[in-house]
Amino acid sequence: MSLLGTIIWWIFGGLVSAVGWFLAGLVWCITIVGIPVGLQCFKIGGLTLMPFNARVVSSGGAGSFLLNIVWFIFGGFILWANHIFWGLLLTITIVGIPFAHQHFKLASLSLSPFGKQIVG
């Protein structure tokens, strides 16, 4: 059943969103300064492929706050809008609500991914 849920997740926006995260990671890794941001994008891209049974735990600080501001300006908003679009689209049906919940979880993570750890 878990495999079926994952396949449905990929069809209803999970795969498109993961590709977006991986592309953002590749763009950030072009520069040496952006490599930490790119690595975080790759982690969240992996989470986007398999979001069920994973939790996001906050562990931020001042450095994370500054990185989150830069992130929001240079890429976070587009990924946030992608997850919000899929989440709103999936709330139309009752069957899509669990998948929409995962998109909304990833949307909040895409606004401020630094200072967060993925557990599970």
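Residues numbered from 1 in each chain as written. Predicted model: local features only at pLDDT ≥ 70, side-chain atom pairs only at ≥ 80, totals over all residues. Heavy atoms only, no water.

## A short note on the side chain of Thr6
Step number 1: Mapped onto the secondary structure, Thr6 falls in helix α1 (residues 2-28).
Step number 2: Exposure remark for Thr6: the relative accessible area of 9% places this residue in the buried category.
Step number 3: With sequence-adjacent residues up to four places away left out, Thr6 is seen in contact with Leu49 and Met50. (Helix = DSSP H or I, 4+ residues; strand = E, 2+ residues; numbered from the N terminus. Buried < 20%, exposed > 50% of the residue type's maximum accessible area, 1.4 Å probe, protein only. Contact = heavy atoms within 4.5 Å.)

## What about helix α4 (residues 97-111)?
Step number 1: Counted at 1.5 Å a residue, the expected span for α4 with its 15 residues is 21 Å, and the 21 Å between its end C-alpha atoms agrees.
Step number 2: All buried positions along α4 are accounted for by Phe99, Ala100, Gln102, His103, Lys105, Leu106, Ala107, Leu109 and Ser110.
Step number 3: Where α4 is buried, its residues contact α1, α2 (35-49), β1 (55-58), α3 (62-90) and β2 (116-119). (Expected span 1.5 Å × (residues − 1).)

## Notes on the nonpolar core
Step number 1: Trp21, Cys41 and Trp71 are the most contacted members of the largest nonpolar core, which totals 17 residues.
Step number 2: When contributions to this core are tallied by element, the ones reaching two or more residues are α1, α2, α3 and α4.
Step number 3: Once you skip the residues sitting within four places of it in the chain, Trp21 turns out to touch Cys41, Ile44, Gly45, Thr48, Trp71, Leu79, His83 and Ser110. (Core = buried A, V, L, I, M, F, W, Y, C linked by side-chain atoms within 4.5 Å.)

## With respect to the packing of α1 against α3
Step number 1: Packing of α1 against α3 leaves a shortest axis separation of 10 Å and a crossing angle of 175°. Here α3 runs roughly antiparallel to α1, going by the angle between their axes. Contacts between α1 and α3 involve Phe12, Gly13, Val16, Ser17, Gly20, Trp21, Ala24 and Trp28 from the first element and Val70, Trp71, Phe74, Leu79, Asn82, His83, Trp86 and Leu90 from the second. (Axes fitted to C-alpha atoms, helices over the stretch in contact; angles between N-to-C directions. Parallel < 35°, antiparallel > 145°, perpendicular 65-115°, else oblique.)

## A short note on the UniProt feature "transmembrane region" (unreviewed entry) in the protein
Step number 1: Following the UniProt record, one finds the feature "transmembrane region" (unreviewed entry) at residues 6-35, 56-78 and 84-101.
Step number 2: Taken end to end, residues 6-35 has its terminal C-alpha atoms 29 Å apart, with 80% of it in helix and 0% in strand.
Step number 3: Here residues 84-101 is 67% helix and 0% strand, with 10 Å between the C-alpha atoms at its ends. (UniProt positions renumbered as here; feature names shortened; annotations may be inferred.)

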